[in-house]
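Examination of the molecular architecture
Spelled out from the first residue to the last, the chains are:
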Amino acid sequence: MPGTQSEHISPLQQLTDTDALLELSRLLNSSQDLEFILGNALLSAMGRLMVSRGIVMVKEDESLFTVQAVKGLSRDLLGKSFRISTGWKHFVDCPTACASLAPDEKDALLSLCEDNGIAAIVPLVLDDSMVGIIGLGNRLIGAGFDTPQVTLLESIASIAATAVQNALTIEKLRTLNRELDRKVQEISALFEFSHEANSTFNSRHILRILGYTIMGQFRTRRYAIYLRSKSGFDIATQFGASDDDAKPPENAARLAQPVRRDTATGAIATWMNERDFLLVFPLVSHNEVRGMVCLGERAGGEEYSDTDVSFLSGLCTAAVSALENSRLFKETVEKERMERELNIARGIQKQLLPESLPCPANYRAAGLNDSSLQVGGDYYDGVQLSETEYLYAIADVSGKGAPASILMANVQAALRTIAPLHLDLPEATARINDVIFGNTGAEMFITFFWGVLNAETNRFRYVNAGHNPPLLLRSDGSLEALEKGGLILGIMESTMPYEQGDVELLPGDTIVMYTDGVNEAMNTDEDEFGVERLKQLLQHNRDDSPHALVATIRNAIHEFSVDAGQSDDITLLLLKRDG
């Protein structure tokens, strides 16, 4: 196309063009507004060459160019993009330009040129790279563009390229600054939220702060926060959303990532549509979904961007941490309260056990109670009934902890009430059984052993209600099991009389009463201490005093189960006739 007209340019025309280019350079470089730069560059080219239509495309990425200015053409072209992988350095007509492109790129650009009467293309080149394209229609006067006109167009394009690149750079900086400002604002909001949320252990207050932060940052018209309970997800707080009982579906507990309404599937999609939620964000702690933040439409109608989701992720992480701290604090307070109450209960329970055991002359007694928990269900006692008779008892309530200790207190009360009545042991045992049966459930029961020593006759009559048979350790090392009795206490009402046993204590004999925490103590291999090991220990130490023998048994059990820990209450009651 160059050279189709006279290439002669008068000195006056050259001076005029130079002045125009200088003025254009001053004008374009005085502005940072890309629309202003493109519009004036296009008008200058069209005015100098007497063209009635023109278009400007600006490079978006590696090969994508977008229409950002038009003159004499439909504004519907604005925003349309074209792939142009070939770079042009100089003025070129449209057919030649299109011929250098890949087939798919060629067809799109050729269609643009033919449909809109674009005849020539002037690249905006800076540092050997196209930053944009000016497309011009045919001249109103003349058949084409001669060399001086092409030179003028390329000069205009060169000036425009610099101004366009500067404007794009400044716009990128502005975008980065806006993004940086937003990040700073988000970080500030996260810091303020974390500070405020972690300054309280009130979960309601934490959720309220979370709601305010969501509304302030996202301009959300509606939101709801659900927390997980044993029955599913319960709404904890909301704004603009319904707080009815429509719970999220069960599969919400398996959410690992945020869910958008347009990509949700199945039950969660149906629920989000019904509730008009656009975004559901799980509150995850230790790989478990503890709750959900559900957001509705925004005040400006914008979608939730990836940046919004990223910020919400940080916000929810901080919220979960604060809620978890609140839960742990409450559990700690509750645990400390329970420990204080259990310590009080332990003190009361210790008061129910005798400080010392009464015994007649020529006899010695010793007892031990080691609870596996703060309070337990083992019990032993000693009561002087008269100048010559002394009662000794030991019991083991099923279970451990506070329920067992309460029932143990009932046993003690029943024993202390019935013992002074001087009833026969079988009848008294039946009365205690009926009291326990009438006041406990079927899951609670008591193994019980008691006996009365007559200091004048040295005889010991007893009743064993399902308890580990105490061992009568004779002075010669032989052993007898005291088994006579009947049913465990509390299983059923007394229908058959308990059987009474009777033995004589000779000098040096010892009665060893114990609970199953002794023989069932386990080591790390889950082997039991056992009755046989206890018998051998008793025979080997039969000459020891009751106090010394109690200490020996206790030490042996602790050494046996040293790494396994104590799994049950350990209770001993020993009565020995001196030689």
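Residues numbered from 1 in each chain as written. Predicted model: local features only at pLDDT ≥ 70, side-chain atom pairs only at ≥ 80, totals over all residues. Heavy atoms only, no water.

1. With respect to the overall build of the protein chain
Helix and strand counts for the protein chain come out as 13 helices and 22 strands. Along the first, second and third principal axes, the C-alpha atoms of the protein chain reach 150 × 50 × 40 Å. Here the protein chain, with 579 residues, has 45% of them falling under the buried criterion. A separation threshold of at least 6 residues defines the contact pool for the protein chain, and within that pool the share at least 24 residues apart is 65%. When the accessible surface of the protein chain is totalled, it reaches about 28800 Å², and 50% of it is carbon and sulfur. (Helix = DSSP H or I, 4+ residues; strand = E, 2+ residues; numbered from the N terminus. Buried < 20%, exposed > 50% of the residue type's maximum accessible area, 1.4 Å probe, protein only. Contact = heavy atoms within 4.5 Å. Areas by Shrake-Rupley, 256 points an atom, 1.4 Å probe, with all protein chains shown as cover.)

2. Let's talk about the environment of Pro 507
Positionally, Pro 507 belongs in the loop between β20 (501-504) and β21 (510-514). The exposure class of Pro 507 is partly exposed, given its relative accessible area of 39%. A C-alpha to C-alpha distance of 8.6 Å links Pro 507 and Arg 474, two positions 33 residues apart in sequence. The residues contacting Pro 507, other than those within four sequence positions of it, are Ser 475, Arg 577, Asp 578 and Gly 579.

3. Some thoughts on the pattern of salt bridges
Summed over the entire model, instances satisfying the criterion amount to 21 salt bridges. Its salt-bridge partner being Asp 61, residue Arg 83 comes within 3.3 Å of it at the nearest N-O pair. Taken as a pair, Arg 83 in strand β3 (residues 81-83) and Asp 61 in the loop between β1 (54-59) and β2 (64-71) lie far apart in primary sequence, 22 residues in all. Take Asp 61: its relative accessible area is 36%, and that puts it in the partly exposed class. Among the charged side chains, a salt-bridge network with shared partners connects Glu 288, Arg 290, Glu 324, Arg 327 and Glu 331. (Salt bridge = Lys/Arg side-chain N within 4 Å of Asp/Glu carboxyl O.)

4. Digging into the pairing of strand β8 (residues 232-239)
Pairing of strand β7 (residues 223-229) with β8 involves seven bridges; the strand directions are antiparallel. Counted as the bridge partner of Ile 225 is Thr 237 from β8. Connecting the antiparallel pair β7 and β8 is a turn made up of two residues. (Pairing = 2+ DSSP bridges.)

5. Regarding helix α6 (residues 203-218)
Look at α6: 22 Å from first C-alpha to last across 16 residues, which is about the 22 Å you get at 1.5 Å a residue. Taken together, the buried positions of α6 are Ile 206, Leu 207, Ile 209, Leu 210, Gly 211, Thr 213, Ile 214 and Phe 218. Residue Asn 202 occupies the N-cap position of α6, its side-chain oxygen lying 2.9 Å from the main-chain nitrogen of Arg 204. Looking at the residues trailing α6, positive phi occurs at Arg 219, about 50 degrees. (Expected span 1.5 Å × (residues − 1). Polar contact = N/O pair within 3.5 Å; in protein donor to acceptor, adjacent residues only side chain to side chain.)

6. A short note on unusual backbone geometry
Positive phi is not limited to glycine here, since Asp 128 has a value of about 60 degrees. Counting through the fold element by element, Asp 128 comes out in the loop between β5 (118-126) and β6 (129-137). A positive phi angle is found at Asn 362, which is not glycine, with a value near 70 degrees. Its place among the elements puts Asn 362 in the loop between α8 (306-352) and β12 (363-370). Asn 362 gets classed as exposed once you look at its relative accessible area, which sits at 55%.

7. Looking at the packing of aromatic side chains
For the structure shown, the criterion picks out 10 aromatic pairs. One aromatic cluster in this structure is built from Phe 218, Tyr 304 and Phe 311. Looking at Arg 533, its charged tip hangs above the ring of Phe 529, at a distance of 5.6 Å from the centre. (Phe/Tyr/Trp six-rings, centres within 6.5 Å; stacked < 30°, edge-to-face > 60°. Lys NZ or Arg CZ within 6 Å of the ring centre and 35° of its normal.)

8. Some details on the sheet that holds strand β17 (residues 471-473)
Pairing is antiparallel across the open sheet formed by five strands, whose spatial order is β12-β22-β21-β17-β18. Pairing within the sheet leaves two strands with one partner each, and these edge strands are β12 and β18 (479-481). The sheet shows a mean angle of 15 degrees between the axes of neighbouring strands, taken without regard to direction. Taken together, the eight bridges between β12 and strand β22 (residues 570-577) define a ladder with antiparallel strand orientation. Within β22, the position partnered with Ala 365 by the bridge is Leu 575. Taken strand by strand, helix α12 (residues 531-540) contacts β17, β18 and β21, and its axis lies near 25 degrees from that of β17. With respect to the sheet, helix α13 (residues 546-560) is in contact with β12 and β22, its orientation differing from that of β12 by roughly 25 degrees. (Axes fitted to C-alpha atoms, helices over the stretch in contact; angles between N-to-C directions.)

9. Concerning the pairing of strand β10 (residues 279-285)
Buried residues dominate β10, accounting for six of its seven residues. Across two bridges, strand β9 (residues 259-260) lies against β10 in antiparallel orientation. What sits directly across from Arg 260, in β10, is Leu 279. Here β10 pairs with strand β11 (residues 288-295) via seven bridges, running antiparallel. Looking at β11, one finds that Leu 283 is bridged to Gly 291. Two successive antiparallel strands, β10 and β11, enclose a turn made up of two residues, where His 286 displays a positive phi of approximately 55 degrees.

10. Section: the sheet that holds β8
On the basis of which strands lie adjacent, the open sheet formed by five strands has the order β8-β7-β11-β10-β9 and antiparallel pairing. The open sheet has two edge strands with one neighbour each: β8 and β9. Sitting on the sheet, α6 is in contact with β7, β8 and β11, with an inclination near 145 degrees to β7. On top of the sheet, helix α7 (residues 266-275) reaches β7, β9, β10 and β11; it is set at about 120 degrees to β10, its chief contact.

11. Some details on α7
Among all positions of α7, only Ile 268, Ala 269, Trp 271, Met 272 and Arg 275 are buried. Viewed along the axis of α7, the buried residues span an arc of 165 degrees, placing them on a single side of the element. Pointing more than 90 degrees away from the buried face of α7 are the exposed residues Gly 266 and Glu 274. Taken together, the buried residues of α7 touch β7, β9, β10 and β11. (Arc of directions from axis to C-beta.)

12. Digging into the nonpolar core
Residues Leu 391, Tyr 392, Ile 446, Phe 448, Trp 450 and Phe 460 are the most contacted members of the largest nonpolar core, which totals 49 residues. Judged by nonpolar contacts, the second largest core, of 35 residues, contains Leu 21, Val 56, Phe 91 and Val 150. (Core = buried A, V, L, I, M, F, W, Y, C linked by side-chain atoms within 4.5 Å.)

13. Quick look at the environment of Asn 40
Here Asn 40 lies in helix α2 (residues 34-49). Measuring from C-alpha to C-alpha, the distance between Asn 40 and Tyr 223 comes to 48 Å, with 183 residues separating the pair along the chain. Those residues in contact with Asn 40 that sit more than four places away from it in its chain are Leu 24, Leu 27 and Leu 28.

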